[in-house]
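# Architecture at a glance
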Amino acid sequence: MNKKIGVIFGGPSPEHDISILTGLQSVRILSKKYDVTSLYWSKDNNWYLVENAYESVDFINNKNLFKKKLELKFNDDPGFYHKRKKIELDVIVNSCHGGPGEDGSIQSLLNLLGIKYTGPDEVSAQICMDKYAFYTLMKENDLPVIDKTLVNNQNVEFQGNQILKPRFGGSSIGVEIVNDRKTLNKLVENSDLYTQGAVFEKFLENSIDLLVGVRNYPNFETSEIEKPIKSDTLFTYTDKYLENGGLEGSKRELPATLDKNLETEILNLVEKINKLIPTRGIFRYDFLLHNENLYINEINTIPGSHALYLWKNLNNSKFELLDEMINEALTSKFNNWSITGSDGIALKSAKEIDSKLG
Ligand SMILES: Nc1ncnc2c1ncn2[C@@H]1O[C@H](COP(=O)(O)OP(=O)(O)O)[C@@H](O)[C@H]1O
Ligand SMILES: [Mg+2]
């Protein structure tokens, strides 16, 4: 079947640029076989139809980017339109990172438009983007997680170094080690990164990041485990994207050489968490290992490069991985938000609205 695929990327998020890289990679891989349309979501929250052949540098100071504006229509054949012509799509590959592309907003919008999409649904997206909600869900289910405090809880005093994070952040942006309350409050007051909230937790010195890709379609499966090589105490934005050609080129041990028991522990935790927050698409589970203690740090529901590189030594090609994400989206149940059979009894009997509701 020649599927009509829309790839969305960019978005008003601090991870806008990284999303362009993930989006362009998806466009390249999928255009070999399918009819692909690139839908660019700009930093200022507008939508544009752009060339599939664009390279990453074409997204810097390029006026041509903004020539073909898209419109969204909610009524009467909803969808994306360009000059009153509908962009026919079977499915959208969501390649957005952070912000409204990964926090449930675009997922809710696509639900209302009746467009199928890859990656998390609105609920998983929201839970995993909200570091405090994710933490409480893990804690409630006795899963190993580092205790977090909301920054606006001024009653909690510091003991030792703490790590500050935007409550709804990603890509290590705004993640800072702090050793006193005053500095923390100053940081939060002076940066837009924390306007939606912030959390802090104990800084675990010399901890090791361990990352694993997870999918449920065609079957439950985990990728190889990656151990990123950090240049400093934290796995930073620079480590992830700016050194060594970025994204897939950054330094890592893959597969990580791990003790068999630790590997089993990781996989057992993945299975438990996957039951609480069902994976759709490819999620990347990020663990932290500190003095033999393993913690689930976070889940990235739309990881950089869709985490395709984590399957490098396994049997799946990048095309197959994306194609299976697409088939999963096409066969998943989506709520089309229309109901039948409202009986109208309450309306019929409400003769005098003011007295009924008053
Ligand atoms: N409690 C902690 N102790 C030590 N290092 C941490 C801790 N939390 C996070 N880090 C480091 O900071 C990085 C970014 O933090 P993370 O919670 O993953 O935020 P983001 O959502 O921005 O990726 C992690 O990959 C890890 O290297
Ligand atoms: Mg992270």
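Residues numbered from 1 in each chain as written. Chains lettered and ligands numbered in written order. Predicted model: local features only at pLDDT ≥ 70, side-chain atom pairs only at ≥ 80, totals over all residues.

To continue, consider the site of ligand 1. Lining the immediate surroundings of ligand 1 are 21 residues, of which Gly170, Ser172, Leu204, Leu234 and Phe235 lie closest. Within the shell around ligand 1, the residues separate by chemical class into nine nonpolar, six polar and six charged. Both domains that furnish three or more residues to the shell around ligand 1 are identified here as domain 2 (128-132 + 136-142 + 205-331) and domain 3 (147-202). (Near = placed C-beta within 6 Å. Nonpolar A, V, L, I, M, F, W, Y, C, P; charged D, E, K, R; others polar. Domains from an automatic or database assignment.)

To continue, consider helix 7 (residues 260-276). A rise of 1.5 Å per residue sets the reference length of helix 7, with its 17 residues, at 24 Å; its end C-alpha atoms lie 25 Å apart and thus fit the reference within 8%. Taken as a whole, helix 7 has its buried residues at Ile266, Val270 and Ile273. Each buried residue of helix 7 sits inside an arc of 80° when the element is viewed along its axis, so together they form one side. Opposite its buried face, helix 7 presents the exposed residues Lys260, Asn261, Thr264, Asn268, Glu271 and Lys275, each directed more than 90 degrees away. Buried positions along helix 7 lie against strand 12 (208-215), strand 13 (221-228), strand 15 (283-290) and strand 16 (293-300). (Helix = DSSP H or I, 4+ residues; strand = E, 2+ residues; numbered from the N terminus. Expected span 1.5 Å × (residues − 1). Buried ≥ 20, exposed ≤ 12 C-beta atoms within 10 Å, placed from the backbone. Arc of directions from axis to C-beta. Contact = placed C-beta atoms within 7 Å.)

The subject of this paragraph is helix 2 (residues 105-113). Regarding helix 2, the residues found buried are Ile106, Gln107 and Leu110. Projection of helix 2 onto a plane perpendicular to its axis shows the buried side chains occupying an angular sector of 105°, all on one side. Phi turns positive one or two residues past the end of helix 2, at glycine 114, with a value near 75°.

In this section: the nonpolar core. Ranked by size, the top nonpolar core spans 62 residues in total, and within it Ile5, Val7 and Tyr285 carry the most contacts. When residues of this core are assigned to their parent elements, the largest contribution, seven residues, is made by helix 1 (residues 16-31). Apart from residues no more than four positions distant in its own chain, tyrosine 285 is found in contact with Val212, Val214, Val270, Ile273, Ile296 and Ile299. (Core = buried A, V, L, I, M, F, W, Y, C linked by C-beta atoms within 7 Å.)

The next thing to look at is the pairing of strand 15. Pairing of strand 12 with strand 15 involves seven bridges; the strand directions are antiparallel. If you follow leucine 211 over to strand 15, its bridge partner there is aspartate 286. Bridge count between strand 15 and strand 16: seven bridges; the pairing is antiparallel. Bridging across to strand 16, leucine 289 finds its partner in leucine 294. Counting the residues that bridge the hairpin from strand 15 to strand 16 gives two residues, and of these asparagine 291 lies at a positive phi of roughly 45°. (Pairing = 2+ DSSP bridges.)

The next thing to look at is the domain arrangement of the protein. Domain assignment breaks the protein into domain 1 (4-117), domain 2 (128-132 + 136-142 + 205-331) and domain 3 (147-202). Taken residue by residue, the interface counts 10 residues in domain 2 and 11 residues in domain 3. Secondary-structure elements contributing two or more residues to the side of domain 2 that touches domain 3 are helix 4 (131-140) and helix 6 (237-242). In terms of residue class, the side of domain 2 that touches domain 3 is built from five nonpolar, two polar and three charged.

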